[in-house]
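Remarks on the overall topology
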Amino acid sequence: MTALRDAWRNLALGGSLALLVLASAQCTLINPKIRVTVTNSQEELMRDVTVTVTGAHYDLGDIVAEASKSIVVEPTGESDAVIRYREADGRVVDIEAGAYMEPGYNGTIALTVYPGGDAKLDVRVRP
């Protein structure tokens, strides 16, 4: 009798896990997201950080040294992401992510800005 009860319990647990995985996948398909993260690895403040995609403009504000901020973007058409910030000396910097995206795409765009203005982009956007 115990073996039968254990088998039913394992079946119920397996079914619950399968439903959880299916629900998670369904949420991703229904509510696609592209998360943009900007990391300031400089000693200076990054001022007025913004992310622009087709149809939307997002303000991240200032990012202090050794900190990050993220935002979920929702393009309304074919788009790339442009990240803009102002350096401590007032110079405006625009960085194009080079990430083709449309409504319904998923993924991440991560920008890290290093001392001297060097930057690293990690783009993982897909339909």
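Presented here is a report on the structure given in the accompanying data block. Since this is a predicted model, take the numbers as computed values, not measurements. (Residues numbered from 1 in each chain as written. Predicted model: local features only at pLDDT ≥ 70, side-chain atom pairs only at ≥ 80, totals over all residues. Heavy atoms only, no water.)

This part takes up the overall build of the protein. In terms of regular secondary structure, the protein is built from one helix and eight strands. For the protein, the α and β elements follow one another from N to C terminus as α-β-β-β-β-β-β-β-β. Counting all 127 residues of the protein, 28% fall into the buried class. Long-range pairs, those at least 24 residues apart, make up 49% of the contacts in the protein with a sequence separation of at least 6. (Helix = DSSP H or I, 4+ residues; strand = E, 2+ residues; numbered from the N terminus. Buried < 20%, exposed > 50% of the residue type's maximum accessible area, 1.4 Å probe, protein only. Contact = heavy atoms within 4.5 Å.)

Glancing now at the sheet that holds strand E1 (residues 34-40). Strand order in the open sheet formed by four strands is E4-E1-E7-E8, and the pairing between neighbours is mixed. The sheet terminates laterally at strand E4 (67-73) and strand E8 (119-126), the two strands that pair on one side only. Between one strand and the next, the sheet's axes are offset by a mean angle of 10 degrees, whatever the strand orientation. The pairing of E1 with E4 spans seven bridges and is antiparallel. Counterpart to Arg35 in the pairing with E4 is Val72. (Pairing = 2+ DSSP bridges. Axes fitted to C-alpha atoms, helices over the stretch in contact; angles between N-to-C directions.)

A word on the nonpolar core. Generally speaking, soluble globular proteins have nonpolar side chains that are buried together. Membership of the largest hydrophobic core comes to 24 residues, with the highest contact counts inside it found for Val38, Val49, Val51, Met101 and Ile109. Counting residues per element, the ones that place at least two in this core are E1, strand E2 (46-53), strand E3 (56-63), strand E5 (82-86), strand E6 (92-96) and strand E7 (106-113). For Ile109, the contacting residues outside a window of four places in its chain are Ile34, Arg35, Val36, Thr37, Ala81, Ala97, Ala99, Met101, Leu121, Asp122, Val123 and Val125. (Core = buried A, V, L, I, M, F, W, Y, C linked by side-chain atoms within 4.5 Å.)

Let us now look at the environment of Glu87. Looking at the element boundaries, Glu87 is found in the loop between E5 and E6. Taking the C-alpha atoms as reference points, Glu87 and Met46, 41 residues apart in sequence, are found 5.5 Å from one another.

Pairing is antiparallel across the open sheet formed by four strands, whose spatial order is E3-E2-E5-E6. Only two strands of the sheet have a single neighbouring strand rather than two, namely E3 and E6. Sheet twist, expressed as the average angle between the axes of neighbouring strands with direction ignored, equals 20 degrees. Note that E5 and E6 share five bridges and pair antiparallel. Of the residues in E6, the one forming a bridge with Arg86 is Val92.

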